Amino acid sequence: MAILVLGGAGYIGSHTVYALIQAGRDVVVADNLLTGFRAAVHPGARFYQADIRDRKAMDALFEKENIEGVIHFAASSQVGESMSDPLKYYDNNLCGTTVLLQSMVAHGVDKIVFSSTAATYGEPERVPILETDQTRPTNCYGETKLAMERMMYWTSRAHGLRYVALRYFNACGAHPSGVIGEAHNPETHLIPLILQVPNGQRDKISIFGDDYPTRDGTCVRDYIHVTDLAQAHILAFDYLLAGGENNVFNLGNGVGFTVREVIDAARAVTGHPIPAETCPRRTGDPAQLVASSEKARTVLGWTPQYADLNTILTSAWNWHKNHPKGYEDGTK
Ligand code: UFG
């Protein structure tokens, strides 16, 4: 039987597909290619260009393929855009997941691993953050992801479906092969933006605020390598296959780095001075987001392999310097 990866042409989805295929799994990918890239899909996966909001397309997929469960990445994921266009997020993330779950229930597909986010917590009460800490999203993106978690909970109660929600902290890095990596348009994430400087695509990096209550005044984040995230999805899927109950797991290294520390590490890895300038704070940025991932380690047996910041930046730089335009060659 096959695993259906929705959003398998996106950043974390494509890395998970590579990991699944490397693990010898049969993989079907569906992606509407609005933000994903066909070139990011492993050639060993069967690909369908389909939108999760399209019930007919979802039904056709479940009828054609023998699907044992779903890994669901298909969502809009830009915090800033979610604030200026919230209805896009309700439509793609919530309406999309509604249609997907309806189709899964109709076809008796009862296992789903789902990409959630640290943005479900909002401004944390404390760090490291536990899964049981309060969830009060401060942006519409986090709000829709939390609502997707709740949708799965109620669907589980009514229809017996089981789910695992994985709350990622700051996904980063690229596949060790250098074949796939991070590519967003527009790019808003710190590490790819920093690496645009040594790549000659920007003059300097902006530091959004240096007056936070942190060790050097800049925001602290928990950077987790995309390959480690990919492994967690396989472990979570196998946990459901083994009969595991509904669950929510944080995925991070449990170590926070400041924006300045990330820039310094990038200077060391690239050998470029990477000029930086301090700018005003970006609205909605919590001072610190650091995960407690003890639960994922204990219950899933997850052990991140790429925790070191230099290793993360080396893999990201290997991708960006060889693919300065990501997958773009004028087409998607
Ligand atoms: N930052 C800068 N300059 C930049 C870009 C970012 O200083 O040019 C700072 C941000 O202010 C933040 C840190 O770098 O303090 C990391 O910013 P990112 O945009 O890379 O990541 P975020 O922490 O904002 O967001 C990430 C994910 C979101 C998720 C969120 C959870 O990208 O999808 O974590 O809080 F919602």
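Undergrad: Teacher, can you tell me more about the sheet that holds strand β4 (residues 67-72) here?
TA: Within a sheet, each strand pairs with its neighbour through backbone hydrogen bonds, oriented either parallel or antiparallel. Read from one edge of the open sheet, seven strands run β3-β2-β1-β4-β5-β6-β11, paired in parallel fashion. The open sheet is flanked by β3 (46-49) and β11 (247-251), the only strands paired with a single partner. Within this sheet the neighbouring strands show an average axis-to-axis angle of 20°, counted without direction. Where strand β1 (residues 2-6) lies against strand β2 (residues 27-31), four bridges are found, and the strand directions are parallel. Residue Leu4 lies in a different strand from β2, and its bridge partner there is Val28. Helix α4 (residues 86-106) contacts β1, β4 and β5 (111-117) of the sheet and is inclined by roughly 165° relative to β5.

Undergrad: Whenever I open this one, the sheet that holds strand β12 (residues 257-258) confuses me. Can you help?
TA: The three strands are arranged β12-β9-β14 in an open sheet whose pairing can be described as mixed. Every interior strand has two partners, whereas the edge strands, β12 and β14 (288-289), have only one.

Undergrad: Explain the site of the ligand to me, please; I cannot follow it from the model alone.
TA: Neighbouring the ligand are 22 residues; His189, Ser206, Arg221, Arg282 and Asp285 lie closest to it. A distance of 2.7 Å separates a nitrogen atom of the ligand from a polar atom in the backbone of Ser206. The contact in question runs from an oxygen atom of the ligand to an N or O atom on the side chain of Arg282, over 2.7 Å. The protein chains hide 90% of the 690 Å² of surface that the ligand would expose on its own. Here the shell around the ligand gets four residues from one element, more than from any other, and that element is strand β8 (residues 205-208). In the shell around the ligand, the residues fall into 13 nonpolar, six polar and three charged.

Undergrad: Mind showing me how you'd approach helix α5 (residues 140-159) here?
TA: Because the α-helix completes a turn every 3.6 residues, residues three or four places apart line up on one side. Here α5 contains 20 residues, and its C-alpha end-to-end distance of 28 Å stays within 8% of the 28 Å for a straight helix at 1.5 Å per residue. Regarding α5, the residues found buried are Cys140, Tyr141, Gly142, Thr144, Lys145, Leu146, Met148, Glu149, Met151, Met152, Thr155 and Ser156. Residues of α5 that are buried sit in contact with β4, α3 (79-84), α4, β5, β6 (162-168) and β11. Just beyond α5, the residue with positive phi is Gly160, at close to 80°.

Undergrad: So what exactly am I meant to see when it comes to the packing of α4 against α5 here?
TA: One way to put it is that α4 packs onto α5 with a least axis distance of 10 Å and a crossing angle of 20°. Taken together, the axis directions place α4 and α5 in an arrangement best described as roughly parallel. By crossing handedness, the relation of α4 to α5 is classed as right-handed. Contacts between α4 and α5 involve Pro86, Tyr89, Tyr90, Asn93, Leu94, Thr97, Thr98, Leu101 and Val105 from the first element and Cys140, Tyr141, Glu143, Thr144, Ala147, Met148, Met151, Met152, Thr155 and His159 from the second. The residue makeup of the contact of α4 with α5, split by class, is 12 nonpolar, six polar and one charged.

Undergrad: Could you clarify how one ought to interpret the pattern of salt bridges in this entry?
TA: For side chains of opposite charge, pairing can occur when their charged atoms come near one another. Scanning the entire structure with this criterion turns up 16 salt bridges. Across the salt bridge formed by Asp26 and Arg46, the nearest N and O atoms sit 2.9 Å from each other. Placement of the pair is Asp26 in the loop between α1 (11-22) and β2 and Arg46 in strand β3, with a sequence separation of 20 residues. Measuring nitrogen to oxygen at the nearest pair gives 2.8 Å for the salt bridge that ties Arg267 to Asp264. Highlighted residues: Arg267 and Asp264, both in helix α8 (residues 259-270), separated by three residues, approximately one helical turn.

Undergrad: How should helix α2 (residues 55-64) be read in this particular structure?
TA: Taken residue by residue, α2 has Ala57, Met58, Asp59, Leu61 and Phe62 as its buried positions. On its buried face, α2 sits against β1, β2, β3, β4 and α4. Between a side-chain oxygen at the N-terminus of α2 and the backbone nitrogen of Lys56 the separation is 3.2 Å; the capping residue is Asp54.

Undergrad: In this structure, what is going on with unusual backbone geometry? I would like to understand it.
TA: In terms of backbone geometry, most residues other than glycine have negative phi values and most peptide bonds are trans. Residue Val127 is joined to Pro128 through a cis peptide bond whose omega torsion reads -5°. Inspection of the secondary structure puts Pro128 in the loop between β5 and α5. Note the cis peptide between Asn185 and Pro186, where omega equals 5°. Within the secondary structure, Pro186 is located in the loop between β7 (170-172) and α6 (190-195). With phi around 60°, Leu33 is a residue other than glycine that occupies positive phi space. If you trace the backbone, Leu33 turns up in the loop between β2 and β3. Look at Ile274: it is not a glycine, yet its phi comes out positive at around 40°. Structurally, the position occupied by Ile274 is in the loop between α8 and β13 (276-279).

Undergrad: Quick question: what am I supposed to make of the packing of aromatic side chains here?
TA: What characterises a pair of aromatic rings is the spacing of the ring centres plus the angle enclosed by the ring planes. Evaluation of the coordinates by the stated rule reveals five aromatic pairs. Between Tyr239 and Phe249, the ring centres sit 6.1 Å apart and the planes meet at 85°, which makes this aromatic pair edge-to-face. Separated by 10 residues along the polypeptide, Tyr239 in helix α7 (residues 226-241) and Phe249 in strand β11 bring together distant segments of the chain. A relative accessible area of 15% places Tyr239 in the buried class. Residue Phe249 is classed as buried on the basis of its relative accessible area of 0%.

Analysis parameters
Residues numbered from 1 in each chain as written. Predicted model: local features only at pLDDT ≥ 70, side-chain atom pairs only at ≥ 80, totals over all residues. Heavy atoms only, no water. Pairing = 2+ DSSP bridges. Helix = DSSP H or I, 4+ residues; strand = E, 2+ residues; numbered from the N terminus. Axes fitted to C-alpha atoms, helices over the stretch in contact; angles between N-to-C directions. Contact = heavy atoms within 4.5 Å. Near = heavy atom within 4 Å. Polar contact = N/O pair within 3.5 Å; in protein donor to acceptor, adjacent residues only side chain to side chain. Areas by Shrake-Rupley, 256 points an atom, 1.4 Å probe, with all protein chains shown as cover. Nonpolar A, V, L, I, M, F, W, Y, C, P; charged D, E, K, R; others polar. Expected span 1.5 Å × (residues − 1). Buried < 20%, exposed > 50% of the residue type's maximum accessible area, 1.4 Å probe, protein only. Parallel < 35°, antiparallel > 145°, perpendicular 65-115°, else oblique. Left-handed = near helix turned anticlockwise from the far one by under 90°. Salt bridge = Lys/Arg side-chain N within 4 Å of Asp/Glu carboxyl O. Phe/Tyr/Trp six-rings, centres within 6.5 Å; stacked < 30°, edge-to-face > 60°.

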